[in-house]
Amino acid sequence: MAKGVREREFQNLMIQWSIPLGWSFAAGRALPREMTQTVVTVDLRSAIIRLNPNVIDRYNVDVVVEDIVATVNAVEGGLVRANEKVLNLLRGRKEFRDAKGDWHALKIIDFEDPSSNTLVVSDEVTITVPGKTSRRFDLVYWVNGLPLVVVEVKSPTAKSGWATAAREINDVYATEYPWFFTPNVFAVASDGVKLKFGAASAPLHLWQPFRSTADDENLSGREDVRRSVELLLKPTTVLDMLANFALFDTSGDGADKKYLPRYPQLEAAHLIHERVLDGGAKGLIWHHQGSGKTLVMVFAASLLLNDVRTESPTIILLSDRLDLVRQTSAEFTSAMGANFFHQPRTSSELRALLSDDVRGVISTTVHKFADAGKGLSTRDNIVVLVDEAHRTQSRKENSLAWQMRAALPNARFFGMTGTPIRNLATDTFELFGGEEDPGRVLHRYTATRSLLDEATVPVMLESHPVLFEMNDQALQDEFDQFAHDFDLDDADAETLSRKFGRLTSVFANPERIHAVCQHIVDHYLSSAYRNGLKAQVVAYNRELAVAYTDKINELLAGYETSQILAEVKKHDRIRAEVNISVSDAKTESAEMKPHRLSETEEEDQKRRFLTPDDPLCFLVVTAKLMTGFDAPNEGVLYLDKPMKDHNLFQTITRTNRPWTSPNSFKKTTGVIVDYIGLAEEVQRAVVDPTAADDSEGGGFVTDVSELVKEFRAAFDRLEDLLADVDDLDLNHHGYESVRVINLFLDGNPAAIEAFTKDYRFAARLYPLIHTDKRIAKYRDGFALFGSVYTTLLKKSSDEERKERLNELGPMVLEIINAHVHSFTVVAPQEEPLVLDAQGIAVLKELLALVRRKPGKDKKETPPSQKEILDRIKEALDNDVEPGSARYTALAERIKLLRDRIIQNAQDALDFLSEALRIARAIVNAGKHPEEAVVLDEDHVGVLTRIIHEHAPPGLTVTERHLAEEIDQVVTRTLAGSWDNADARNRGVRRATAAVFRKYALKPVGEPYDATVAYIEAHYLVD
């Protein structure tokens, strides 16, 4: 769209797009209404007469119109309840009194033939009442004089977007003039680039795009908006929403809600309805996990129950677990009411309902069909809607699913799943898929579409395998000796070996439990907790779930956690709770019985987990809550259990629900922390079983390595952009570097745009990978780019500043994290190295540093680890004075490295990285013999020794802990901009003193004096 498009121009475009759909245009100022009126009564009156030809003579039409207008203008009880009352009136569910005193329903809108209604779109519609500010709606879509749709638009080239328009509808129009929205089916907000619709007054994260699953997924911008208008604002769609899909929960349990469908839910519900009307027996609905399949069942049931052609059907909402039954039942009853709704408690109650020919809705589990018998009900208008249709659904004789189908031989079966299965035991496609459907799928909503629509968020996989060492021979020898000592025969020895040689023994090792739980707590507190997100932990079995819960709570009660909580100022204490399956049978383990939750206790636990401010932050599970538990505020799932296929798929999508916190933090990604090493299994799990190749079906799981790769690419582009800037050192984050970059950008507008684009992209990635060692070398340069971006921000307009400040949020989070002294976060595993292109590049860089005479060594094959160390040692002998302190320190580092055993590719990469660092230090030592050479972690080691040697009585923090914080504070202080060396040195001393005072240590005498002396000698090198 052309630059500088005005809001009115885009408004006119929407009108042009609407007229071919069946709307006629009338300017707002030309409508036959007073500006104080909500309803165009002339159109309403004529419609009532036209649509009720056989009975209208019995009525005083003016009285009927007055009654309708009075209902529209009444907003007692709040907008949602008033909206529900008016929409029920428009659906023909309100009766009016005729001249004889009898009550009858009247047709106000013709849903069967939309063209028989008066359809008008108007612009600049003003409403006002005395004492209130007049407001003007950009566009209003009227049906028979009733404002069913309100549209607010912004210019495609303005800084404000669709969200600004939506907020104006919610916070201004619907707040100041709620009666104009009592007939509202939905509201629309668009900026010409994006279009979203939602219920007036609904939170913005519930506003959705409206598209078609048949359209090109890559449609965007103006063409996407035009297509949305053609689909959403078509009169048949507006009236379909009104008649069938605008459902309400005004039961009084919590806030009133209005449900509107996402477009895939609307499409799927209609296809189920049509299949039943056409006499079809089955259909498979395949929607990406987390995109709202339960509401598909609710909307489909609504269509079927309200259609007289289905002859009062029985709708069975079927799940395989009680908690899913409760969830489905709650959503159904809240949206459609409890009339004709049944939830049998026992198998006999279910059999009685079906044998008695009960109509309406039955919500139950597949297990209650056990022993139901054949031909329990032979009606063909029984429709079974199966949630999580890939589970327990099998044609194996005498299986639960087989017994259900035998009991209901003529029923129609529709399966809802995000993970259909095709294997030897189960074939979801054969069971539910119609042969006439492409790929045996009636309706499909892919992961890619779900992400584009922001119905779900991407999932990032962080791999943190838990490594351990084991001497197999020594273990075998000790076990053999044990068997001999206790005179075990071969059979008994084999039994013991099988029992205690299982994977369980490794998982139950106390050291492993501590290591994993420590990482869980550190990882959570450093990221998810600060944004108000909750966490789930998946343990190997029930016993470990309990053990993990106890250990996590022990760590959460520690000093380090209390420091974080004090800084965030949200909770005094947070905790973990376990949720596992525990029966009340006599045979149940005594250790497990205390962890059994009643139905009420479990619902209370879920409620507390879903409440942002509640201190319940961790749920530890092993099997329960892996499906059906919709927790949008779950930001991270810690996975320490081997899983495969659909179980793994459903588990890793636990965190893919969008969520916006009460303080407006928007969740943009879910995180899975994998302690098992399931990357390959994940890739297999996300592949469609019907896909022609492995490239389809995935796309929502992101490996951290991929994010690191994208970050590096963005950083490289920034570096290339600034390649011609004179005297620029990206490793020096100071005033002069910021100044020279700004001078370059000021003279190059195109460069500003490129810089801004790549920096903003990298800034979105950075919070997700900031603890990864692979980006450590980029931190100084990235911080420099951040300072440059901030200076650009200060030069921009107020509106631009607001938008960019929002994007700087992740950087603020990083600054906060840098001040948290008590973390020992385990960094993600390095990229595996089997001397690929990257590994070879590292090796070449290393060889270039240690080769004494460039070009002399013609060997093409990579040298061994011993050869690398020999060359480094040779460089040390030549370039550093033997016997000196630096020679001793570096020689010791080489010796330690030589002692390491290279066991696998991971250790190989660690070896090369460390060798490269030492080699660089040696080369620098040769170039600058007068300067001290201290590697980064050596600082902490030396400071630890200094503090230990001078430790005062009553020291309440470990020397290592204090040394790490001093190192962090000093390094961060040095990164600032200073006018001269003296000012910098004073700043470092003040920062060091502040750390000492923090721990009640005097910033005079020892160990302060020795600490400062060391810092001045080894940190402050000009």
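Treat the numbers as computed from the prediction; the structure is a model and nothing was measured.

Rules behind the numbers
Residues numbered from 1 in each chain as written. Predicted model: local features only at pLDDT ≥ 70, side-chain atom pairs only at ≥ 80, totals over all residues. Heavy atoms only, no water. Helix = DSSP H or I, 4+ residues; strand = E, 2+ residues; numbered from the N terminus. Contact = heavy atoms within 4.5 Å. Areas by Shrake-Rupley, 256 points an atom, 1.4 Å probe, with all protein chains shown as cover. 1 Å grid on protein atoms, 1.4 Å probe; cavity = no way out; pocket = protein on both sides within 12 Å on 5 of 7 lines; lining within 4 Å. Points joined across faces, edges and corners; volume = space filled by probe spheres on them. Nonpolar A, V, L, I, M, F, W, Y, C, P; charged D, E, K, R; others polar. Phe/Tyr/Trp six-rings, centres within 6.5 Å; stacked < 30°, edge-to-face > 60°. Buried < 20%, exposed > 50% of the residue type's maximum accessible area, 1.4 Å probe, protein only. Core = buried A, V, L, I, M, F, W, Y, C linked by side-chain atoms within 4.5 Å. Pairing = 2+ DSSP bridges. Axes fitted to C-alpha atoms, helices over the stretch in contact; angles between N-to-C directions. Salt bridge = Lys/Arg side-chain N within 4 Å of Asp/Glu carboxyl O. Parallel < 35°, antiparallel > 145°, perpendicular 65-115°, else oblique.

Novice: What should I look at first to understand the overall build of the protein chain in this one?
Specialist: For the protein chain, the count of helices and strands is 37 helices and 24 strands. Here the analysis covers contacts within the protein chain between residues at least 6 apart in sequence; of these, 72% occur between residues at least 24 apart. When the accessible surface of the protein chain is summed, it comes to about 47400 Å², and 51% of that surface belongs to carbon and sulfur atoms.

Novice: Just checking my understanding: could you explain empty space enclosed by the protein for this structure?
Specialist: To find the voids left in a structure, one rolls a probe of water-molecule size over its atoms. The tally for this structure, following the rule as stated, stands at four cavities of 30 Å³ or more. Size it by volume and the largest cavity reaches roughly 50 Å³. Lining the largest cavity are L79, V80, N83, F181, N184, A200, S201 and K258. If one sorts the elements of the lining of the largest cavity by residue count, helix α4 (residues 79–90) sits on top with three residues. Counted by class, the lining of the largest cavity contains four nonpolar, three polar and one charged residues.

Novice: What should I look at first to understand the packing of aromatic side chains in this one?
Specialist: For any two aromatic rings, the description comes down to two numbers: the centre-to-centre distance and the angle of the planes. According to the stated counting rule, one finds 25 aromatic pairs in the structure shown. With centroids separated by 5.0 Å and ring planes inclined at 80°, the aromatic side chains of W23 and Y141 adopt a geometry described as edge-to-face. Placement of W23 in the loop between α1 (7–18) and β1 (24–25) and of Y141 in strand β5 (residues 135–143) is noted, with a sequence separation of 118 residues between them. Judged by its relative accessible area of 2%, W23 is buried. Relative accessible area serves as the criterion here: at 0%, Y141 is assigned to the buried category. Seen from their ring centres, F996 and Y1008 are 5.4 Å apart, and the 90° between their planes marks the pair as edge-to-face. Placement of F996 in helix α36 (residues 981–998) and of Y1008 in helix α37 (residues 1008–1018) is noted, with a sequence separation of 12 residues between them.

Novice: Could you clarify how one ought to interpret the environment of A352 in this entry?
Specialist: Relative to the elements of secondary structure, A352 occurs in helix α11 (residues 347–355). Along the chain, A352 and L376 lie 24 residues apart, while their C-alpha atoms are 9.3 Å from each other.

Novice: Can you walk me through the nonpolar core in this structure?
Specialist: A general feature of soluble globular proteins is that nonpolar side chains tend to end up buried together. The biggest cluster of nonpolar side chains holds 110 residues, and the ones touching the most others in it are M14, L90, L148, F181, F186 and L385. Tallying contributions element by element places helix α9 (residues 293–305) first for this core, with nine residues. Ranked by size, the runner-up nonpolar core spans 68 residues in total, among them Y638, F715, V738 and A762.

Novice: In this structure, what is going on with the environment of H732? I would like to understand it.
Specialist: In this structure, H732 sits in the loop between α24 (704–721) and α25 (735–746). Accessibility expressed as a relative area gives 43% for H732, which makes it partly exposed. Taking the C-alpha atoms as reference points, H732 and G781, 49 residues apart in sequence, are found 7.6 Å from one another. Those residues within four positions of H732 in sequence are excluded, and the remaining contacts are S737 and L784.

Novice: Would you mind going over the sheet that holds β5 with me for this structure?
Specialist: Strands pair in a sheet through their backbones, by hydrogen bonds, and they do so in one of two ways: parallel or antiparallel. An order of β1-β4-β5-β6-β7-β8 is seen for the six strands of this open sheet, with the pairing classed as mixed. Looking along the sheet, the strands with just one partner apiece sit at the ends: β1 and β8 (195–198). Here β1 runs beside strand β4 (residues 119–127); their pairing, made up of two bridges, is parallel. Bridging across to β4, S24 finds its partner in V120. Docked against the sheet, helix α5 (residues 162–176) engages β5, β6 (146–153), β7 (186–190) and β8, running at close to 140° with respect to β7.

Novice: Before we go on, may I ask you to explain the pattern of salt bridges in this structure?
Specialist: Any two side chains of opposite charge can pair, so long as their charged atoms come close to each other. Enumeration over the complete set of coordinates arrives at 35 salt bridges. Across the salt bridge formed by D215 and R227, the nearest N and O atoms sit 2.6 Å from each other. One end of the pair, D215, is in the loop between β8 and α6 (221–232); the other, R227, is in helix α6, with 12 residues separating them in the sequence. Looking at D215, the relative accessible area reads 18%, which means it is buried. Here E603 ties to K606 by a salt bridge, and the two come within 3.8 Å at their closest N and O atoms. Here E603 pairs with K606, and both are found in helix α21 (residues 599–610), just three residues apart, close to one helical turn.

Novice: What am I meant to see in the pairing of β6 here?
Specialist: The side chains of a regular strand alternate between the sheet's two faces. Burial analysis of β6 places eight of its eight residues in the buried class, the great majority of the element. Pairing between β5 and β6: five bridges, direction antiparallel. Within β6, the position partnered with W142 by the bridge is P147. Bridging between β6 and β7 involves five bridges; their strand directions are parallel. Its bridge partner lying in β7, V153 is registered against S190.

Novice: Could you clarify how one ought to interpret unusual backbone geometry in this entry?
Specialist: Trans peptide bonds make up most of the peptide bonds, and negative phi angles are found at most residues other than glycine. Cis geometry is adopted by the peptide bond preceding P1007, which originates at E1006 and carries an omega value of 5°. By the secondary structure assignment, P1007 is in the loop between α36 and α37. Even without being glycine, N144 reaches a positive phi, approximately 55°. The phi dihedral of D357 is positive, around 65°, even though this residue is not glycine.

Novice: How do you make sense of the packing of helix α7 (residues 235–245) against helix α8 (residues 263–277) when you look at a structure like this?
Specialist: Packed helices, taken two at a time, are described by their axes: the angle between them and the distance between them. At their nearest, the axes of α7 and α8 sit 13 Å apart, and the two run at 70° to each other. When the interaxial angle is binned, α7 and α8 end up roughly perpendicular. Here D240, M241 and F245 of α7 lie close against α8, whose contacting residues are L266, A269 and H270. Of the residues belonging to the contact of α7 with α8, the class tally is four nonpolar, one polar and one charged.

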